[in-house]
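Observations on the model geometry
The chain contents come next:
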Amino acid sequence: LQARLAVPGSTAMRLKPLRISGQLVETMEVVVPKRLIARGDTLGKDDVVVERRPRDGQGTDIIGDSRAAIDKVARRALLAGVPLRSGDVQREEIVGKGDLVTIVYEAPGLLITLRGKANEAGAMGDVVSVTNPQSKRVLQGKISGPGRVSVQPSAAAGRVASAP
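Starting afresh in each chain, residues are numbered from 1 along the sequence in its written order. Thresholds applied to this predicted model are a pLDDT of at least 70 for local features of residues and 80 or more for the giving and counting of side-chain atom pairs; totals over whole chains, interfaces and linings are not thresholded and use all residues. Neither water nor hydrogens contribute to the side-chain values; these are computed over all heavy atoms in the structure.

Notes on the sheet that holds strand β13 (residues 148-151)
Any two strands with at least two DSSP bridges between them are considered paired. Secondary structure elements follow DSSP: runs of H or I no shorter than four residues count as helices, runs of E no shorter than two count as strands, and numbering proceeds from the N terminus. With mixed pairing, 5 strands are arranged side by side around a closed barrel as β8-β9-β11-β12-β13. When strand polarity is set aside, the average angle formed by the axes of neighbouring strands in this sheet is 50 degrees. Here strand β12 (residues 138-145) runs beside β13; their pairing, made up of 3 bridges, is antiparallel. The residue bridging K142 from the neighbouring strand is S150, located in β13. Here an angle of 0 to 180 degrees is reported between the N-to-C directions of two axes, which are lines fitted to C-alpha atoms, with helices fitted over the stretch in contact.

Let's talk about unusual backbone geometry
Positioned with a positive phi, D71 is a non-glycine residue whose angle comes to about 70 degrees. Looking at where D71 falls in the secondary structure, it is placed in the loop between β4 (48-54) and β5 (73-74). For D71, a relative accessible area of 57% gives the class exposed. A positive phi is found at K136, a non-glycine position, where the angle reads about 65 degrees. As for its placement among the helices and strands, K136 is situated in the loop between β11 (127-131) and β12. Under the relative-accessibility criterion, K136 is labelled exposed at 60%. When accessible area is computed with a 1.4 Å probe and restricted to protein chains, residues below 20% of their type maximum are described as buried, those above 50% as exposed, and intermediate ones as partly exposed.

Points about the side chain of N132
Structurally, the position occupied by N132 is in the loop between β11 and β12. Residue N132 is classed as buried on the basis of its relative accessible area of 14%. Two N or O atoms form a polar contact when they lie within 3.5 Å of each other; inside protein one atom must be a possible hydrogen donor and the other a possible acceptor, and for residues adjacent in sequence the pair counts only when both atoms belong to side chains. Within the local environment of N132, its side chain forms a polar contact with the backbone nitrogen of Q134, the two atoms lying 2.9 Å apart. Only heavy atoms enter the contact rule, under which two residues are in contact if any of them lie within 4.5 Å. Filtering out sequence-adjacent residues up to four positions away, N132 remains in contact with L114 and R137.

Notes on the pattern of salt bridges
One side-chain nitrogen of Lys or Arg within 4 Å of one carboxyl oxygen of Asp or Glu is enough to make a salt bridge. Evaluated as defined, the whole model comprises 8 salt bridges. Notably, a salt bridge pairs R85 with D61, separated by 2.7 Å at the nearest N-O pair. Placement of the pair is R85 in the loop between β5 and β6 (89-90) and D61 in the loop between β4 and β5, with a sequence separation of 24 residues. Residue class for R85 comes out partly exposed when judged on its relative accessible area of 30%. You can call D61 partly exposed: its relative accessible area is 32%. The residue D126 makes a salt bridge to R91 at a minimum N-O spacing of 2.1 Å. Of this pair, D126 sits in the loop between β10 (122-123) and β11 while R91 is found in the loop between β6 and β7 (93-95), placing the two residues 35 residues apart along the sequence. Classification of R91 as partly exposed rests on a relative accessible area of 40%.

Some details on the environment of V127
Within the secondary structure layout, V127 lies in strand β11. Given a relative accessible area of 53%, V127 falls into the exposed group. Residues V127 and G141 lie 14 residues apart in sequence; the distance between their C-alpha atoms is 5.4 Å. With sequence-adjacent residues up to four places away left out, V127 is seen in contact with E120, Q140, G141 and K142.

Structural notes on the environment of L100
Within the fold, L100 resides in strand β8 (residues 100-107). Note on L100: relative accessible area 58%, which makes it exposed. Put simply, L100 and G147 are 47 residues apart on the chain and 7.1 Å apart in space, counted from C-alpha to C-alpha. Residues within four places of L100 in sequence aside, it is in contact with R115 and G116.

Set out below in structure tokens:
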């Protein structure tokens with residue numbers, strides 16, 4: 001890259017223009033840990049910083065917004081200064097595969113809770129399958145808290161319940 005610097009009103013610049021040469025490097029914002037983060041640790045706002053780095057060689061899965069990393073759990077050890085990739089962090093799992101959970105079924109005027117077993121792990125808001133150990137029936141529900149899965153009434157069940 002070459003440029004020519006012009007300063008309006010400068011007689012010295014008119015006699016001998018100043019030439020500047022250099023290299024243009026496209027950069028991007030990347031989120032990097034400030035320190036070593038152990039696998040399973042939750043990242044806080046003081047654990048990461050946003051830096052500008054050359055775009056070349058960064059890949060497409062680089063995290064560029066610190067909000068995408070804060071309050072997430074490290075899936076592996078994260079080195080200080082190494083840009084975070086989307087696969088390096090995940091939301092905190094509050095239900096583990098095989099965990100005993102409370103299944104909550106709530107409809108107008110009705111609240112039923114029972115114990116069940118989670119068939120998959122998940123974070124707050126994830127939809128997971130759970131098994132009722134007595135009936136062996138598999139239900140789909142949304143994780144609504146640690147060890148708690150909420151099951152919604154289906155439209156068909158509502159029609160049957162309201163039938164005379």
